[in-house]
Amino acid sequence: MQNTFSQATLRTFTQNIFLSIGCSQEHAQLAADVLLKSDLRGIDSHGVARLSGYVRLWEKQRINPTPNIRVVHETATTATVDGDAGLGLVVAPFAMKVAIQKAEIYGSGWVSVKNSNHFGIAGYHALMAVEKDMIGFAMTNASPLVAPTFANERMLGTNPMCYAFPAGKYPPVIVDMATSAAANGKLEIAQRSGKPVPEGWIQDCNGNFTTDPHALKTGGSLLPLGSDREHGSHKGFGLSATVDILSGVLSGANYGPWVPPFVAFMEPSANPPGEGIGHFLGAMRVDGFRPVAEFKANLDNWVERFKAAQTVDPNQKVIIPGEPELEAELDRKTNGIPLVQAVVDDLNLLAERFGVKRL
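Note that the structure is predicted; figures quoted are calculated from it, not measured.

Draft legend 1. Up close: the environment of N152. Its location among the elements puts N152 in the loop between β5 (134-140) and β6 (161-165). With a relative accessible area of 40%, N152 lands in the partly exposed category. Along the primary structure N152 and N115 are separated by 37 residues, whereas in three dimensions their C-alpha atoms are 28 Å apart. Apart from the residues within four sequence positions on either side, N152 is in contact with Q203, D204, C205, N206, G207 and S221. Here Q203 takes part through its side chain, which lies 3.4 Å from a polar atom of the side chain of N152. At a separation of 2.8 Å, a polar atom in the side chain of N152 contacts the main-chain carbonyl oxygen of C205.

And the structure:
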């Protein structure tokens, strides 16, 4: 069963929950905006369904609702930001603004982040650069749920990376993806709906493929993009390692199996080598390479040529990265955002706890 809500209703509800845990009005609005952007774009796993997870971390004093987010190291084109254990939904936009400011002056800006938390969808942050005619980059490490190729130990997160490019008459091209075979949020959706997941997403505690979406809770692990060596999982492992090193090792955040988990069935390591979760964000001015109008015209041409590619099924067209999310956003802005009953029930428990109006 699904219920449909306007974005205004969900935005107000989400802001009120963040205000209830002590966030400022500015931070509550920004955090709600990041989550709502995910729901609007059809990425239900990272929207308001995650709200109770942030509250849970706040209860465990792992999220600071009033952080002093600051630059702790910088050069002309680079910086490291300490998020002071704040919401990643707030810390990452701060860091991207720093990257954009540096890019405006020097052509590019690169910012690593430590001492943060889950930052929502990477696309939100990368798109901030696109609005300035820049190419945006955003990535983060995450709960250690993924086993490297040949391993049977959870060592890496789903570690998403996003690249966003401004186009002319077409929407931005947005490559926003996990470096695992599937994001953990998709498992959560399957768990709520009581459905199995495709083979190749997870292995059980013995290293065998399983379709049980609950397998992580009994010692299983997600698999890298590619699922196994024969299908290129070593490439997914390599991409995930890149995200982890840039986000964690470079910034001074935790990395690998020490990344503090977002999921409820895991606890942080006792002696972590770094501080919090890490992100890596960047912005490059298009006009640092060629006139913006020329780049956009060529990217429009790129989109048109790929859309016109011959396909195996004549009823199917090539899907440009970011296109399904844009279609979802246009639909949901008009017709509302669907939430499964399990998510609505979860959110209404938060409403009762904090004295907020129920959905």
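Draft legend 2. Main features of the sheet that holds strand β3 (residues 78-82). Strand order across the open sheet formed by 7 strands is β2-β3-β4-β11-β5-β6-β7, with mixed pairing between neighbours. What marks the edges here is a single partner per strand, and that holds for β2 (70-74) and β7 (173-177). The mean inter-strand angle of the sheet, taken between neighbouring strand axes irrespective of direction, is 15°. For β6 and β7, the ladder comprises 5 bridges, and the chain directions are antiparallel.

Draft legend 3. Expanded view of the sheet that holds strand β8 (residues 202-203). With respect to topology, 3 strands assemble into an open sheet ordered β9-β8-β10, the strand pairing being antiparallel. Two strands bound the open sheet, and with one partner strand each, they are β9 (209-210) and β10 (221-222). Bridge count for β8 against β9 is 2 bridges, and the pairing is antiparallel. Bridge pairing links Q203 to F209 in β9.

Draft legend 4. Quick look at the packing of aromatic side chains. Scanning all chains against the criterion turns up 8 aromatic pairs. Taking the centre distance of 5.1 Å and the plane angle of 70° together, the rings of Y54 and F262 count as edge-to-face. Note that Y54 is positioned in helix α3 (residues 51-59) and F262 in the loop between α7 (233-249) and β11 (277-285), a separation of 208 residues in sequence. Grouping residues by exposure puts Y54 and F262 together as buried. One aromatic cluster is present, formed by W110, F137, Y163 and F280 through successive ring pairs.

Draft legend 5. Fine view of the nonpolar core. Within the largest apolar cluster, 62 residues are counted, with the highest numbers of intra-cluster contacts made by F18, L87 and L339. In this structure, L145, V197, I202 and V263 belong to the second largest nonpolar core, which totals 14 residues.

Draft legend 6. Region of the structure containing the packing of helix α1 (residues 7-20) against helix α2 (residues 25-40). Packing of α1 against α2 leaves a shortest axis separation of 8 Å and a crossing angle of 140°. In terms of their interaxial angle, α1 and α2 are classed as oblique. α1 and α2 meet at a crossing whose hand is right-handed. Of the residues in α2, those in contact with Q7, L10, R11, T14, Q15, F18 and L19 of α1 are Q25, A28, Q29, A31, A32, D33, L35, L36 and L40. Taken together, the residues that form the contact of α1 with α2 break down as 9 nonpolar, 5 polar and 2 charged.

The rules we used
Residues numbered from 1 in each chain as written. Predicted model: local features only at pLDDT ≥ 70, side-chain atom pairs only at ≥ 80, totals over all residues. Heavy atoms only, no water. Helix = DSSP H or I, 4+ residues; strand = E, 2+ residues; numbered from the N terminus. Buried < 20%, exposed > 50% of the residue type's maximum accessible area, 1.4 Å probe, protein only. Contact = heavy atoms within 4.5 Å. Polar contact = N/O pair within 3.5 Å; in protein donor to acceptor, adjacent residues only side chain to side chain. Pairing = 2+ DSSP bridges. Axes fitted to C-alpha atoms, helices over the stretch in contact; angles between N-to-C directions. Phe/Tyr/Trp six-rings, centres within 6.5 Å; stacked < 30°, edge-to-face > 60°. Core = buried A, V, L, I, M, F, W, Y, C linked by side-chain atoms within 4.5 Å. Parallel < 35°, antiparallel > 145°, perpendicular 65-115°, else oblique. Left-handed = near helix turned anticlockwise from the far one by under 90°. Nonpolar A, V, L, I, M, F, W, Y, C, P; charged D, E, K, R; others polar.

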